[in-house]
Amino acid sequence: MSPAQNPSHLQAVSLESIANQFGTPVYVYDGEKITNQIKALQHAFSGAPLKIKYATKALSNVNILKLVKKAGAGVDAVSIEEVKIGLIAGFSGGEIMYTPNCVSFAEVQEAVNLGVMINLDNLSVLEEFGQIYGNSVPVCIRLNPSIMAGGNAKISVGHDKSKFGISITQLPEILEVVEKYNMLITGLHIHTGSDIYDAAVFLKGANVVFDVAFQFPNLKFLDFGGGFKVAYKPGDLSTDIENVGQKVTEAFQNFCAKYGRQLELWLEPGKFLVSECGYLIVKVNVVKVTPTITFLGVDSGLNHLIRPMLYDAYHSVYNLSNPIAPKATYDVVGYICETDTLASDRVLPEAKKGDLLVIKNAGAYGFSMASNYNSRLRPAEVLVWEGEAKLIRKREVFEDLVKNQVIMDF
Ligand code: LLP
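Residues numbered from 1 in each chain as written. Predicted model: local features only at pLDDT ≥ 70, side-chain atom pairs only at ≥ 80, totals over all residues. Heavy atoms only, no water.

**Thoughts on the site of the ligand**
In the neighbourhood of the ligand, 17 residues make up the surrounding shell, with Ser194, Glu268, Lys271, Arg307 and Tyr365 lying closest. Between the ligand and Asp76 there is a distance of 3.5 Å, counted from a nitrogen atom to a side-chain nitrogen or oxygen. Within the side chain of Tyr365, a nitrogen or oxygen atom sits 2.7 Å from an oxygen atom of the ligand. For the ligand, whose accessible area on its own is 580 Å², the fraction buried by protein is 91%. Grouping the amino acids of the shell around the ligand by side-chain chemistry returns 6 nonpolar, 5 polar and 6 charged. Built from parts of two domains, the shell around the ligand gets at least three residues from each of domain 1 (9–23 + 278–362 + 364–402) and domain 2 (31–271). (Near = heavy atom within 4 Å. Polar contact = N/O pair within 3.5 Å; in protein donor to acceptor, adjacent residues only side chain to side chain. Areas by Shrake-Rupley, 256 points an atom, 1.4 Å probe, with all protein chains shown as cover. Nonpolar A, V, L, I, M, F, W, Y, C, P; charged D, E, K, R; others polar. Domains from an automatic or database assignment.)

**Remarks on the pattern of salt bridges**
If you walk through the whole model with that rule in mind, you get 12 salt bridges. For the salt bridge of Lys352 with Asp355, the shortest nitrogen-to-oxygen distance reads 3.0 Å. Here Asp355 falls in the buried class, since its relative accessible area comes to 3%. Note that Arg378 is salt-bridged to Glu396, the shortest N-O span being 2.9 Å. With Arg378 in the loop between strand E18 (356–359) and strand E19 (380–385) and Glu396 in the loop between strand E20 (388–393) and helix H12 (398–402), this residue pair connects regions lying 18 residues apart in the sequence. (Salt bridge = Lys/Arg side-chain N within 4 Å of Asp/Glu carboxyl O. Buried < 20%, exposed > 50% of the residue type's maximum accessible area, 1.4 Å probe, protein only. Helix = DSSP H or I, 4+ residues; strand = E, 2+ residues; numbered from the N terminus.)

**A closer look at the domain arrangement of the protein chain**
Its domain assignment divides the protein chain into domain 1 (9–23 + 278–362 + 364–402) and domain 2 (31–271). A C-alpha centroid distance of 32 Å is found between domain 1 and domain 2. Contacts between the two partners involve 18 residues from domain 1 and, on the opposite side, 21 residues from domain 2. Considering only the surface of domain 1 that becomes buried against domain 2, Tyr314, Tyr365 and Trp385 emerge as the three largest contributors, covering 30% of it. One can count 0 salt bridges joining domain 1 with domain 2. (Contact = heavy atoms within 4.5 Å. Buried area = accessible area lost by both parts, 1.4 Å probe.)

In structure tokens:
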């Protein structure tokens, strides 16, 4: 499916009015879109008892989590801070899946004390956990299924050179630890990567888990992670969620029949729920004509949206102020003192100083990966919900930048 048209309004609220009211740059999220994505997933996986654990890292504003909760999903957290954000949003510990990687054991213990579901991805940590908790705290194991999948190398995490998960080839060692400490393993987990299009990859991952699962008699759920691909540009493919849902739930139900008990099927979508809901509105500061390229220099940059630089990610851009002018070719660049090309070689309606541009697919890993590089301030966040634009994060002010610096008296 191609991305939706270039909207001038979200739920009848004009993006221009949002930019005027809250200033630019500003992240705007369409709450209805998030709810609809959750519904689509619930429908696609209705063949099994599904639990959605929203991958908080994609977009961690408390209000987004509250909305996700309202729509019936839980939370996937990868840090104790994300766990606490989930608790603030009103989730109970039991609704939160905590999947840490390379954190201190003290952090794991803190999470145990908060009552969240712990998902361990390292043999030595599993052993430490067993020594301390024995069978008194149920735990999930993150397996590394040895599958290379994902939109690019940086977001492929299920292969055998990845730091994530306990290799499937270490199953004997896992079983040894589990037996030694009589551990209560209630879940098995995989997450192979992000931007995965092919239904066969999800099925392959699931089959790896099914094969291993018979060795664990106390399972309550299998968690297949996230990674569904969404469309970023016209003509782009996105995961056929109905097809994946149908195939995976069918295989899951067959597995449960053999396992002898109905388990829950867990998913941890990030991008699928929030990528397309988000728009980053920026303003053209300058039009810079050079002998080779015409740059649109905007009041944002890699400090607010790092995906194009980090992953060569393509984000569609459109001219909100001037949608029907004759077209010209531009590089849209930021104001950061580094090459921060947000979009290159784009044909857009002619833009002038002061025009508002909108960068699409900015919901997932947009604000959550933003920084203060170049001592710039992070943008405001606005949620459009039930036909109204609500400020859900204030724009940073200069004092925020310096408030934690301890100024010495030289
Ligand atoms: N579960 C686990 C354990 C994960 O590590 C991730 C993402 C997800 C779920 C959600 O994956 P999603 O459905 O969003 O693909 N910053 C990168 C993506 C990094 C994903 C990290 N883990 C990007 O902007 O493409």
